[in-house]
Amino acid sequence: LINDAAIRILAINKPTVAFSDIKIVFEKTFDFENKVSDAILNKKIVDEKEIKINDRIFDIFISPLQDNRASIVLHDITEENEHLLCENSKPDAAQ
């Protein structure tokens, strides 16, 4: 189950969203599948800071639920961290 706000944030353009669709969005910046599995299997909260997704920056909170499910909250912190977007867009000086 995914809410409309998350679908917009993740820029998923499908009528039905599967776990694999969500995982693809995070591929380059965040090991989404393993973090969710870690939360569920170890029954612990996973709290990740400053994860870049689609030109936005998020804190991600994953909480285990019953029946091998998890609640995932994306907190948009882009405005507070504009400097990270600027730093990541600069060419590498070593190149």
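Scroll up to find the structure this text is about.
The model shown is predicted, which means the values in this text are computed figures rather than measured ones.

(A) Looking closely at the pattern of salt bridges. Counted by the stated rule, this structure contains eight salt bridges. Linking D38 and K44 is a salt bridge whose minimum nitrogen-to-oxygen distance equals 3.1 Å. Accessibility expressed as a relative area gives 22% for D38, which makes it partly exposed. Here K44 falls in the partly exposed class, since its relative accessible area comes to 38%. A salt bridge links K52 to D55; the shortest N-O distance between them is 3.8 Å. In the salt-bridge network here, residues are joined through shared partners; they are D47, K49 and D59.

(B) Spotlight on the layout of surface pockets. Looking at the largest pocket, its volume works out to about 600 Å³. Residue lining of the largest pocket: 23 residues in total, with L1, I2, I22, A70 and I72 positioned closest to the centre. For the lining of the largest pocket, the secondary structure elements donating two or more residues are α1 (4-10), α2 (19-26), α3 (32-42) and β3 (69-76). Here the lining of the largest pocket is built from residues that sort into 19 nonpolar, three polar and one charged.

Calculation notes
Residues numbered from 1 in each chain as written. Predicted model: local features only at pLDDT ≥ 70, side-chain atom pairs only at ≥ 80, totals over all residues. Heavy atoms only, no water. Salt bridge = Lys/Arg side-chain N within 4 Å of Asp/Glu carboxyl O. Buried < 20%, exposed > 50% of the residue type's maximum accessible area, 1.4 Å probe, protein only. 1 Å grid on protein atoms, 1.4 Å probe; cavity = no way out; pocket = protein on both sides within 12 Å on 5 of 7 lines; lining within 4 Å. Points joined across faces, edges and corners; volume = space filled by probe spheres on them. Helix = DSSP H or I, 4+ residues; strand = E, 2+ residues; numbered from the N terminus. Nonpolar A, V, L, I, M, F, W, Y, C, P; charged D, E, K, R; others polar.

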